[in-house]
Amino acid sequence: MSTSSSQDRGDAPPVVVRNALPADARRIREIIAPTAAEGTVIDKGLVAYFESIQEFVVAEVVHDGEPRVIGCGALHVLWDDIAEVRTVAIDPDFRRRGVGHRIVETLLARARALGLKRVFCLTFEVAFFRGHGFQPIAGTPVGTDVYAQMLRSHDEGVAEFLDLARVKPNTLGNTRMIVEL
């Protein structure tokens, strides 16, 4: 994946979105911690971030002369034609500067490069994702044969996608959304 950069504000340093490295896992968890405390994402153990590091991209700026990761997001493949954007979080000091949009754009480009046709998200940020073409969904947008196979997954994101009752306490207030690529 190539990196991308832009000047998000006249006084802000350029943001580069790149594939995450194992060395970024601890910083990813630090960035997610305030968002998890707000209740908009579920916090995971550090090992989970190491195990899924290849799914993540990070946004980075040069801050005080050093590169600093200021945001993250992941793309998790659910089936041969669909993936989930998950764990989008931005350092509170860098919110409202377009960093989240850059991360989601990068993840959608990654989905297209993988030949995926649809991308799902479970979010409280409906307007944000609507701005990227996502629309709310009801039910499960897969056939019964795929549904039966997906039921075998141990991934909570798949359970959220399938709208299973066992994940309802974790998803109250969230909106299930999807975009066609």
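Located above this text is the structure these notes cover.
These lines cover the structure that appears in this document, whether it is placed above or below.

1. Let's talk about the pattern of salt bridges
Considering all chains together, one arrives at nine salt bridges under this definition. Across the pair Arg118 and Asp81 runs a salt bridge, and its minimum N-O distance is 3.1 Å. With Arg118 in strand 6 (residues 118-123) and Asp81 in the loop between strand 4 (66-79) and strand 5 (82-90), the pair connects residues that are 37 residues apart, well separated along the chain. By relative accessible area, which is 11% here, Arg118 ends up buried. Here Asp81 falls in the partly exposed class, since its relative accessible area comes to 22%. Between Arg86 and Glu84 there is a salt bridge, with the nearest N and O atoms lying 2.8 Å from each other. Residue Arg86 is classed as buried on the basis of its relative accessible area, which comes to 12%. Accessibility expressed as a relative area gives 3% for Glu84, which makes it buried.

2. With respect to the pairing of strand 3 (residues 56-63)
Judged by how many residues are buried, strand 3 sits mostly within the fold: six of eight residues are covered. Of the pairings in the sheet, the one linking strand 2 (residues 15-19) to strand 3 comprises four bridges and is antiparallel in character. Opposite Val17, over in strand 3, you have Ala59 as the bridge partner. What sits between strand 3 and strand 4 in their antiparallel hairpin is a turn of two residues, with Asp64 showing a positive phi close to 55 degrees.

3. Examining the packing of aromatic side chains
Tallied over the full model, the rule gives three aromatic pairs. Relative to Phe56, the ring of Tyr49 lies with its centre 6.1 Å away and its plane at 65 degrees, an arrangement referred to as edge-to-face. By relative accessible area, which is 1% here, Tyr49 ends up buried. Aromatic side chains Phe129 and Phe134 sit 5.2 Å apart centroid to centroid with 85 degrees between the ring planes, which places their arrangement in the edge-to-face category. By the ring-pair criterion, three or more aromatic residues cluster together here, those being Phe128, Phe129 and Phe134.

4. Some details on helix 3 (residues 99-113)
Under the 1.5 Å per step criterion, the end-to-end length of helix 3 is 21 Å for 15 residues, consistent within 8% with the ideal 21 Å. Along helix 3, the residues classified as buried are Val99, Gly100, Arg102, Ile103, Val104, Thr106, Leu107, Leu108, Arg110 and Ala111. Looking one or two residues past helix 3, Gly115 carries a phi angle of roughly 80 degrees, positive in sign.

5. What to know about the nonpolar core
Core analysis: the largest hydrophobic core is formed by 25 residues, its most contacted members being Val119, Phe129 and Phe134. Elements with a minimum of two residues in this core: strand 2, strand 3, strand 4, strand 5, helix 3, strand 6, helix 4 (126-130) and strand 8 (175-180). For this core, the leading source of residues is helix 3, giving six residues. Here Phe134 is in contact with Val85, Leu108, Val119, Phe120, Cys121, Phe129, Met177, Ile178 and Val179, once residues within four sequence places are set aside. Core analysis: the second largest hydrophobic core is formed by 15 residues, Ile32, Val41, Ile53 and Cys72 among them.

6. Re helix 1 (residues 25-38)
For helix 1, with 14 residues, the first-to-last C-alpha span of 20 Å sits near the 20 Å given by 1.5 Å per residue. Three or more residues of helix 1 are buried, namely Ala25, Arg27, Ile28, Ile31, Ile32, Thr35 and Ala36. Buried-residue contacts for helix 1 involve helix 2 (46-51), strand 3, strand 4 and strand 5. The first or second residue beyond helix 1 is Gly39, which carries a positive phi of 85 degrees.

7. Here we look at unusual backbone geometry
The phi dihedral of Asp64 falls on the positive side, at around 55 degrees, and the residue is not glycine. The residue Asp64 is located in the loop between strand 3 and strand 4 in this model. For Asp64, a relative accessible area of 73% corresponds to the exposed category.

Calculation rules
- Residues numbered from 1 in each chain as written.
- Predicted model: local features only at pLDDT ≥ 70, side-chain atom pairs only at ≥ 80, totals over all residues.
- Heavy atoms only, no water.
- Salt bridge = Lys/Arg side-chain N within 4 Å of Asp/Glu carboxyl O.
- Helix = DSSP H or I, 4+ residues; strand = E, 2+ residues; numbered from the N terminus.
- Buried < 20%, exposed > 50% of the residue type's maximum accessible area, 1.4 Å probe, protein only.
- Pairing = 2+ DSSP bridges.
- Phe/Tyr/Trp six-rings, centres within 6.5 Å; stacked < 30°, edge-to-face > 60°.
- Expected span 1.5 Å × (residues − 1).
- Core = buried A, V, L, I, M, F, W, Y, C linked by side-chain atoms within 4.5 Å.
- Contact = heavy atoms within 4.5 Å.

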